[in-house]
Amino acid sequence: MAASLARMQLLKPPRSLWSVRRYSKTMRPNEFTQSGDRGQGYYILLPEVPQDTPKTNPLLETLENETPAFDKNFKRHHLLKGLTKIAAVKGSEFLDYFESLQVDSAPESFDSVIRPYEEICAQLLYASATSAHLGNLDVDLTKSIEVGQAKINKILTDRWANENFWNVLKKLEENKENLTDIQQRYLDVLLNEFFKVGFKLENRKREELLKGQHDLSEDCKLFKGRISFCQSLFRRIFHHKSTISGLPEDFLQYISTNEENPAEGPWAMPLNIDVYKKVMLLADSRELRMSIYKIWNLRASEEYSQNMASNIEELNNIRMDRNYVAQNLGFDSHVDMLLSRSMAGSADDVMGLIYDVKTNLEPLLEAELKELEEFNKQAFNKQYELEVWDVHYLAFLLKREVFLGGFEGKDSISYFPLDHVLDTMFNFTQELFGFKLEESHGEYPVWTDGVRVFKVYSEEGEHISYLYIDQFIREEMEYEPSCQIGRAHSEILGSKPIAYLSLSALNSRMMDDTSDGGSSFNFIEMNYIPELFQQFGNALGIVLNRVPYTELSAGLYTEVDAQGIPGLVMGYFGLQPHIVQMFSKHVTTGEQLTEAMARKICIANQYLMAYDLMHDLYTAAFDLEMHLSLEGSPMESKKKLWPLFMPLPLPVEDMSEFSNTRVFTETPGYCYAPIWTSMVAADIFEAFSDVDPQDVKMLNEIGRRFRNTFLYYGGGLPAKELFRRFRGRDPDLLPFLRVKTKYRAWLEEEE
């Protein structure tokens, strides 16, 4: 009987896939109840599993192939049905795996436990990542795969409720001294996932923890939902184009309500982050910038109490929920819990970084504001005091008209033709880091025009991974270059990493502009050169990774303040004048930019760094204060901290704490992380920049040392350990300050 019950359990689909439906039935008189009574019960339906096969669905075929099987004929339903099928099959395999674990005896080996787990997990992650990338091609496509993605995420989350898996991992921990460094790290992060859901607590305490986590999740949903509702209430109509001058034509066409003649308007402006950023940066009307700033920063504040859309109560609930969860897990605060597994290590170290950077930035920030005030007076004869809604607009004009001297449009795009930029990037990185790229023409299917496929080879000539480059911008894609992981490295499965790099290149005809010869060409915008470097660095962190286990190789457990280091290091290269000059080549004459022009571009790309970084420091300090203790209200903390960091007065209407998703729902407790990671990356970059650019041998030696640490083993070993292997010491703040402030020295040379 016991064996039969066990077998029945093995045949069950994952609990998350059960469908339970209530039904009503009319019972026959005198059978179980009195005549005419209606009873209620439940019947259970197995989930509807699509009948798709690898022959009919490219997503399922992808899991059997070495590369994605999608071509230009793939349909939206392939992703949704494929994800649903994969979730059902792999979810059931997970249950079988967990039931098969022997908890009464010691495991044979680490790999005997991890191998079947890796086989299931790797395919779930591969299917999810590839679907996410393809979903970016179309807004409707993104929405259609959300259900399938949610099913996969639910299966991955449910792992941390399985006691068999927990007990087997604990047995492996008893002999962890026999494991490799990477195996010990993998075991540690897996056990930590169980720790976070209370597996070390008594039953009652664990129930309280899980309830607290559930309450926190619900409160965060309400917090974000009210913000979205407030945004949905806003819609401003503009009948005269002069009132929205400065905003780009493609944006105006997007918000036009005149389908026959979009350029004539009227224009209906919604409220979202893209609109907010465009208005703050480009709108000529100061009244419009001020209005949008105030409306944006009043969302979900007490102003919306009459609409039942204020986050005043929810914000306090979120803080208490987080503190409750952290204390149930044995920590003094949410911040202490996060930093226990960070590169920084402690709140004192983080606060020290914040205030040290602040002190060093203050003279630069003062200089930036003085330049903006002088520019405002000279260019516009304006005598008003600067406000926060003026800063980015004036900086944009200052960079365009003074630093770059009108070097834009045809003049600028002609120097960065796509083919030359890519070829230079390939040659530069291959020589520096010791690998080889080889394009495959027509060997693999691609899902849209402009996608190029490259095989990546090690320095020894071994084929190790694939790089897919989607060259051109599409209406549905993010405008800036981006990089996504497709598949992580898995030694157990023998699977090669795949990275998807989107460049967002343009064609000169899109700007109603062509080269001198009259023909069109593809190009990268010069202000995106640093971002291109950063995203290519992220791609290298994927395709060169040699960590043997999928989840570690994918960076899922990399410390939150050490994520994206390869990209940031490469991004610093893209801010150096001699590098920008090297990547330039006029599409007609073949000439490079002058050294002076390359330096001006680098100044423009970094200008307002002090102001933006100071605001990031303010946000990080506010975030820490909100999550270190429950003392003080958000408004009190904001009013105290703002003048310590920001040089302009805080507008009276600014109630941004009630809509600050970054602090309260997205990255609570670690808003400092991008600053810390940038500091680490700057220290790494200085190892390169200290070398004469002509000393190729030394540069290549440093490049291979970086490859053999962060590129090969990022995610597989603690970030602090990788840094020590590369630098021979712990990170230092001084390189960060030198790298970040170097543009001021270039600017002084220009003057």
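Residues numbered from 1 in each chain as written. Predicted model: local features only at pLDDT ≥ 70, side-chain atom pairs only at ≥ 80, totals over all residues. Heavy atoms only, no water.

The name given to the protein in an unreviewed UniProt entry is Probable cytosolic oligopeptidase A isoform X3, with Lingula anatina as the source organism. Per UniProt, the protein carries the Sequence similarities (unreviewed entry) text "Belongs to the peptidase M3 family." (UniProt positions renumbered as here; feature names shortened; annotations may be inferred.)

Engineer: Just to check I follow, could you spell out the overall build of the protein for this structure?
Structural biologist: Within the protein, the regular secondary structure consists of 30 helices and 10 strands. At 28 Å, the protein has a C-alpha radius of gyration in line with the 27 Å of a compact globule built from 751 residues. C-alpha atoms of the protein, sized along the principal axes, occupy 90 × 70 × 60 Å. Of all intrachain contacts in the protein linking residues separated by at least 6 positions in sequence, the fraction that spans at least 24 positions is 73%. (Helix = DSSP H or I, 4+ residues; strand = E, 2+ residues; numbered from the N terminus. Rg over C-alpha atoms; globule rule 2.2 N^0.38 Å. Contact = heavy atoms within 4.5 Å.)

Engineer: Quick question: what am I supposed to make of the confidence of the model for the protein here?
Structural biologist: Interpretation of the predicted coordinates at a detailed level should be avoided for regions scoring low in pLDDT. In the predicted model, the protein carries a mean pLDDT of 89, and 91% of its residues have values of at least 70. Contacts for the low-pLDDT stretch residues 513–517, under 50 throughout, to residues beyond four places or in other chains number 15 contacts. (pLDDT = per-residue confidence, 0-100.)

Engineer: Looking at this model, I keep getting lost on the nonpolar core. Mind explaining?
Structural biologist: Taken as a class, soluble globular proteins show a tendency for nonpolar side chains to be buried jointly. The biggest cluster of nonpolar side chains holds 221 residues, and the ones touching the most others in it are Leu467 and Phe688. Here the element with the most residues in this core is helix H24 (residues 609–628); it accounts for 12 residues. Once you skip the residues sitting within four places of it in the chain, leucine 467 turns out to touch Leu437, Arg452, Val453, Phe454, Val456, Ala499, Leu501, Phe536, Ala539 and Val543. Counting seven residues, the second largest nonpolar core, distinct from the first, contains Leu209, Val325, Phe331 and Met337. (Core = buried A, V, L, I, M, F, W, Y, C linked by side-chain atoms within 4.5 Å. Buried < 20%, exposed > 50% of the residue type's maximum accessible area, 1.4 Å probe, protein only.)

Engineer: Is there a simple way to explain the pattern of salt bridges in this structure?
Structural biologist: Any two side chains of opposite charge can pair if their charged atoms end up close together. Inspection of every chain in the model, using the stated rule, returns 35 salt bridges. A salt bridge links arginine 452 to glutamate 439, with the shortest nitrogen-to-oxygen separation between them at 2.8 Å. Taken as a pair, arginine 452 in strand S6 (residues 451–458) and glutamate 439 in strand S5 (residues 435–440) lie far apart in primary sequence, 13 residues in all. Where lysine 455 meets glutamate 443, a salt bridge forms, and the shortest distance between an N and an O atom there is 3.4 Å. Residue lysine 455 is located in strand S6, and its partner glutamate 443 is located in the loop between S5 and S6; the two are separated by 12 residues in the primary sequence. With a relative accessible area of 47%, glutamate 443 lands in the partly exposed category. (Salt bridge = Lys/Arg side-chain N within 4 Å of Asp/Glu carboxyl O.)

Engineer: Just checking my understanding: could you explain the packing of helix H27 (residues 673–689) against helix H28 (residues 696–713) for this structure?
Structural biologist: The angle between the axes and the distance between the axes are what describe a pair of packed helices. Their axes nearest at 9 Å, the elements H27 and H28 cross at an angle of 155°. As far as their axial angle goes, H28 and H27 are roughly antiparallel. Within the contact between the two elements, H27 uses Ile684, Ala687 and Phe688 and H28 uses Leu699, Ile702, Gly703, Phe706 and Phe710. Its residues placed into classes, the contact of H27 with H28 shows seven nonpolar, one polar and no charged. (Axes fitted to C-alpha atoms, helices over the stretch in contact; angles between N-to-C directions. Parallel < 35°, antiparallel > 145°, perpendicular 65-115°, else oblique. Nonpolar A, V, L, I, M, F, W, Y, C, P; charged D, E, K, R; others polar.)

Engineer: Explanation requested: the packing of aromatic side chains in the structure shown.
Structural biologist: Centre-to-centre distance and the angle between the planes together describe a pair of aromatic rings. Inspection of every chain in the model, using the stated rule, returns 46 aromatic pairs. Among the aromatic residues, ring-to-ring pairing joins Phe428, Phe433, Phe533, Tyr572, Phe573, Phe583, Phe685, Phe688, Phe706, Phe710 and Phe726 into one connected group. We note arginine 299 situated over the ring of tryptophan 296; from NZ or CZ to the ring centre the distance is 3.5 Å. Across the ring face of phenylalanine 726, the terminal group of arginine 705 is positioned such that the distance to the ring centre comes to 4.8 Å. (Phe/Tyr/Trp six-rings, centres within 6.5 Å; stacked < 30°, edge-to-face > 60°. Lys NZ or Arg CZ within 6 Å of the ring centre and 35° of its normal.)

Engineer: When you look at the state of the cysteines in this model, what are you seeing that I'm missing?
Structural biologist: Each disulfide consists of one covalent bond between the sulfur atoms belonging to two cysteines. In this structure the tally under the stated criterion is zero disulfides. No disulfide involves cysteine 671; its nearest neighbouring cysteine sulfur is the one of cysteine 220, lying 13 Å away. For cysteine 671, a relative accessible area of 1% corresponds to the buried category. (Disulfide = S-S within 2.5 Å.)

Engineer: Just checking my understanding: could you explain H28 for this structure?
Structural biologist: Every α-helix winds through 3.6 residues per turn, so residues three or four apart in the chain are directed the same way. With 18 residues, H28 extends 24 Å between its outermost C-alpha atoms, agreeing within 8% with the 26 Å of an ideal straight helix rising 1.5 Å per residue. Of all the bends in H28, the largest measures some 35° and sits at arginine 707. Positioned one or two residues after H28, glycine 715 has a phi angle of 90°, which is positive. (Expected span 1.5 Å × (residues − 1). Bend = angle between axes of the 7 residues up to and from the residue.)

Engineer: Looking at this model, I keep getting lost on unusual backbone geometry. Mind explaining?
Structural biologist: Working note: non-glycine residues mostly have negative phi, and peptide bonds are mostly trans. A cis amide bond, omega 5°, links glycine 265 with the succeeding residue proline 266. As for its placement among the helices and strands, proline 266 is situated in the loop between helix H10 (249–255) and strand S4 (267–269). Unlike most non-glycine residues, serine 504 shows phi in positive territory, near 60°. Its place among the elements puts serine 504 in strand S9 (residues 498–507). Using a relative accessible area of 5% as the deciding quantity, one classes serine 504 as buried. One non-glycine residue, leucine 608, adopts positive backbone phi at about 80°. The residue leucine 608 is located in the loop between helix H23 (595–606) and H24 in this model.

Engineer: Help me understand helix H6 (residues 146–158) in this model?
Structural biologist: The end-to-end C-alpha distance of H6, which contains 13 residues, comes to 18 Å, matching closely the 18 Å that a straight helix rising 1.5 Å per residue would cover. Taken as a whole, H6 has its buried residues at Gly148, Gln149, Ile152, Ile155 and Leu156. All buried residues of H6 project into a common sector of 125° when viewed along the axis, lining one side. The inward-facing, buried residues of H6 contact helix H3 (76–100) and helix H4 (110–135). (Arc of directions from axis to C-beta.)

Engineer: It is not clear to me how the environment of isoleucine 702 should be interpreted in this structure. Could you clarify?
Structural biologist: Looking at where isoleucine 702 falls in the secondary structure, it is placed in helix H28. When its relative accessible area of 5% is taken as the criterion, isoleucine 702 is described as buried. Each C-alpha atom of the pair isoleucine 702 and cysteine 230 lies 52 Å from the other, and the pair is 472 residues apart in sequence. Once residues within four sequence positions are removed from consideration, isoleucine 702 is found in contact with Ala687, Phe688, Val691 and Phe726.

Engineer: What is the right way to look at the pairing of strand S7 (residues 463–472) in this model?
Structural biologist: Within a regular beta strand, the side chains point alternately toward one face of the sheet and then the other, so they alternate between its two faces. Counting buried positions over the 10 residues of S7 gives nine, a clear majority of the element. Counted along the chain from S6 to the antiparallel partner S7, the turn is four residues long, and its residue glycine 461 has a positive phi close to 95°. (Pairing = 2+ DSSP bridges.)

Engineer: Is there a simple way to think about the environment of lysine 75 in this case?
Structural biologist: With respect to the helices, strands and loops of the structure, lysine 75 is situated in the loop between helix H2 (58–64) and H3. Relative accessible area serves as the criterion here: at 48%, lysine 75 is assigned to the partly exposed category. C-alpha separation for the pair lysine 75 and asparagine 57, spaced 18 residues apart in sequence, amounts to 9.3 Å.

Engineer: Help me understand the side chain of lysine 85, please; the structure alone is not making it clear to me.
Structural biologist: The residue lysine 85 is located in helix H3 in this model. Excluding anything up to four places from it in sequence, lysine 85 contacts Val49, Pro50, Gln51, Asp52 and Leu60.

Engineer: Sorry, what's going on with the packing of H28 against helix H29 (residues 719–727) here?
Structural biologist: H29 packs onto H28 with a crossing angle of 165° between their chain directions and a minimal axis gap of 9 Å. Judged on the interaxial angle alone, H29 and H28 are roughly antiparallel. As H28 runs across H29, the sense of the crossing is right-handed. Counting all contacts with H28, which are made through Ile702, Arg705, Phe706, Thr709, Phe710 and Tyr713, the residues of H29 involved are Ala719, Leu722, Phe723, Arg725 and Phe726. (Left-handed = near helix turned anticlockwise from the far one by under 90°.)

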